[in-house]
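Working through the structure, step by step
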Amino acid sequence: MPKVTMNINGRARSTEVENRTLLSTALREKLHLTGTHIGCDTSQCGACVVHVNGKAVKSCAVFAVELDGATIDTIEGQAAPDGSLNVIQQAFKDHHGLQCGFCTPGMVMSAAALLKDNPKPNEAEIRDYLEGNICRCTGYQGIVNAIMAASGQAVPAIAAE
């Protein structure tokens, strides 16, 4: 089996993978980084989003062997060095951007990518960017509010809250 070395969350990590091993599987089963969730294995739900060389990627849609030498950031690398929540994670907590938590890692990683490219997105831009992420619990408004708050913008008052 080929050996793949990736820089994951700032640390060089190597593992042997079959050519057909998806990045999501390599992260979870070979490298024991289980924060990346596998919801569909068909690139539909977004629960498996990670950053590959700075871009949001659905890890169930790319082979690990293709990423030898790549820089990978996962949900495990999002917290501050002392283990406290980062701004996006704290905003998800504060604005009810999660319920069951299954989609949360992918949502947080997508939000981080969005805010890197667009530091002050409006609600429509957030909803458009999250189109590839499915949440079956929240109704999305809490997620949108969390991303607005994480970007430093005022969160609009919503009658349903």
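This one's a predicted model, so the numbers in the text were calculated from it and none came from an experiment. (Residues numbered from 1 in each chain as written. Predicted model: local features only at pLDDT ≥ 70, side-chain atom pairs only at ≥ 80, totals over all residues. Heavy atoms only, no water.)

A few words now on the pattern of salt bridges. Counted under the stated rule, the structure contains two salt bridges. With a closest N to O distance of 2.8 Å, R20 and E18 form a salt bridge. When the shortest N-O distance is used, the salt bridge between R127 and E123 registers 3.0 Å. Of this pair, R127 and E123 are both found in helix 4 (residues 123-129), four residues apart, which corresponds to roughly one turn of the helix. On the basis of relative accessible area, R127 is assigned to the partly exposed category, the value being 35%. Its relative accessible area of 29% is what places E123 among the partly exposed residues. (Salt bridge = Lys/Arg side-chain N within 4 Å of Asp/Glu carboxyl O. Helix = DSSP H or I, 4+ residues; strand = E, 2+ residues; numbered from the N terminus. Buried < 20%, exposed > 50% of the residue type's maximum accessible area, 1.4 Å probe, protein only.)

In terms of nonpolar packing, the biggest core is built from 22 residues, with I88, F92, M107, I126, L130, I143 and I147 touching the most fellow members. Ranked by residue count, the leading element in this core is helix 3 (residues 104-117), at seven residues. The residues touching F92, leaving out its near neighbours within four places in the chain, are G97, L98, T104, M107, V108, A111, I143, A146 and I147. Of all hydrophobic cores here, the second largest spans 16 residues; its members include M6, V52, L67 and I72. (Core = buried A, V, L, I, M, F, W, Y, C linked by side-chain atoms within 4.5 Å. Contact = heavy atoms within 4.5 Å.)

A few words on the sheet that holds strand 1 (residues 3-8). The five strands lie next to each other as 2-1-5-3-4, forming an open sheet whose pairing is mixed. The open sheet has two edge strands with one neighbour each: strand 2 (11-16) and strand 4 (55-58). Between one strand and the next, the sheet's axes are offset by a mean angle of 40°, whatever the strand orientation. Summarising the sheet, strand 1 and strand 2 pair through six bridges and their orientation is antiparallel. If you follow N7 over to strand 2, its bridge partner there is A12. (Pairing = 2+ DSSP bridges. Axes fitted to C-alpha atoms, helices over the stretch in contact; angles between N-to-C directions.)

Moving on to the domain arrangement of the protein chain. By domain assignment, the protein chain separates into domain 1 (3-77) and domain 2 (87-150). Distance between the C-alpha centres of domain 1 and domain 2: 21 Å. Taken together, the contact pairs 18 residues of domain 1 with 16 residues of domain 2. The contact between domain 1 and domain 2 buries some 1,200 Å² in all, and 60% of this surface belongs to carbon and sulfur atoms. It is H37, H51 and I75 that lose the most area in domain 1 upon contact with domain 2, and together they represent 38% of the buried surface on that side. There are zero salt bridges connecting domain 1 and domain 2. Connecting domain 1 to domain 2 are seven residue pairs in polar contact (both at pLDDT 80 or more). Here the residues of the side of domain 1 that touches domain 2 sort into seven nonpolar, eight polar and three charged. (Domains from an automatic or database assignment. Buried area = accessible area lost by both parts, 1.4 Å probe. Polar contact = N/O pair within 3.5 Å; in protein donor to acceptor, adjacent residues only side chain to side chain. Nonpolar A, V, L, I, M, F, W, Y, C, P; charged D, E, K, R; others polar.)

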